[in-house]
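Overview (structure and organization)
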Amino acid sequence: MIAIGCVLNLTSRQVLGFQVAPRDSDPEIIRRLALYQTLTAERTPGVLVPGGLVWHLPRAVVPDTELAPATRRQLEQLDIFALRPRQLINETTSALYEDWAADLRRYPSLWLPHFRRVFDNYLDNPLRAVNLLNRESARINRAGVIELGHSRFVHPLLAYWPDTPVTIRCSPDDETLIWVYIGDNILCEARPAA
């Protein structure tokens, strides 16, 4: 069985982001990853801003159940209010709870990545690249490379920040992708050296 966490825009009634996980997964982790997918999709290039990205964050979120204190604190750090939980029933949630459940019977034995694509297609909402992931401390070496375990991650921007401490967030969907932060600002996406 599968569990799906969705983030909806209450005004447009669109699914902005989602996370698919095995049914026995921790619901709070599913919520955080769905929020992560949604928030990182709101990044757009900004040539004239520090870090090279503009990030449009919501003012508030309305969870359907109580959020864990850690998730609530992380949202507060992003200046996003977590309002009181409430059950939301509208056309979108009804379609997800009822229509999707009926359609799902056609796909009884999909692997999780395939299920994610099928659900994305159902939403007619292409998956988007996607600060709720675990952090790891690292350092850009003098050659402009970040070494994590046995992997060496590179990006042209790293060369401008030699011997700088950074924070790394690893993609939950692509083990060859990391996001590199200096302080609270994203520097770049990096991939393993060829």
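For the structure itself, consult the block above.
Quick notes on the rules
Residues numbered from 1 in each chain as written. Predicted model: local features only at pLDDT ≥ 70, side-chain atom pairs only at ≥ 80, totals over all residues. Heavy atoms only, no water. Helix = DSSP H or I, 4+ residues; strand = E, 2+ residues; numbered from the N terminus. Buried < 20%, exposed > 50% of the residue type's maximum accessible area, 1.4 Å probe, protein only. Phe/Tyr/Trp six-rings, centres within 6.5 Å; stacked < 30°, edge-to-face > 60°. Lys NZ or Arg CZ within 6 Å of the ring centre and 35° of its normal. Axes fitted to C-alpha atoms, helices over the stretch in contact; angles between N-to-C directions. Parallel < 35°, antiparallel > 145°, perpendicular 65-115°, else oblique. Left-handed = near helix turned anticlockwise from the far one by under 90°. Contact = heavy atoms within 4.5 Å. Core = buried A, V, L, I, M, F, W, Y, C linked by side-chain atoms within 4.5 Å.

Attention now goes to the overall build of the chain. Of the regular secondary structure elements, the chain holds 4 helices and 12 strands. Within the chain, the fraction of its 194 residues that count as buried is 36%.

Aromatic ring pairs: the centre-centre distance and the angle between the two ring planes describe each pair. Inspection of every chain in the model, using the stated rule, returns 1 aromatic pair. Pairing Tyr-36 with Trp-179 gives two aromatic rings, centres 5.7 Å apart and planes at 65°, and the pair type is edge-to-face. The two residues Tyr-36 and Trp-179 agree in class, both being buried. The cationic tip of Arg-169 hangs over the ring face of Tyr-181; the distance from NZ or CZ to the ring centre is 4.7 Å.

On to the packing of helix H1 (residues 27–41) against helix H2 (residues 69–77). Packed helices, taken two at a time, are described by their axes: the angle between them and the distance between them. Across the interface, H1 lies against H2 with an axial gap of 10 Å and an inter-helix angle of 15°. Looking at the two axes, H1 sits roughly parallel to H2. Considering how the two elements wind past one another, H1 and H2 form a crossing that is right-handed. Across the interface between the two elements, Glu-28, Arg-32 and Leu-35 from H1 touch Thr-71, Gln-74 and Leu-75 from H2.

Take the nonpolar core next. Membership of the largest hydrophobic core comes to 13 residues, with the highest contact counts inside it found for Ile-146, Leu-148, Leu-158, Val-166, Ile-168, Ile-178 and Val-180. A total of 3 residues in this core trace back to one element, the largest contributor, which is strand S12 (residues 185–192). If sequence neighbours within four positions are ignored, Leu-148 has contacts with Glu-136, Ala-138, Phe-153, Ile-168 and Ile-178.

What follows is about unusual backbone geometry. We note that Asp-79 has phi near 60°; this positive angle belongs to a residue other than glycine. If you trace the backbone, Asp-79 turns up in the loop between H2 and strand S6 (81–82). For Asp-79, a relative accessible area of 63% translates into the label exposed. In this structure, Asp-163 is a non-glycine residue whose phi angle is positive, near 55°. Within the secondary structure, Asp-163 is located in the loop between strand S9 (151–154) and strand S10 (164–170). A residue is classified by how much of its surface remains accessible, and Asp-163, at 41% relative accessible area, is partly exposed.

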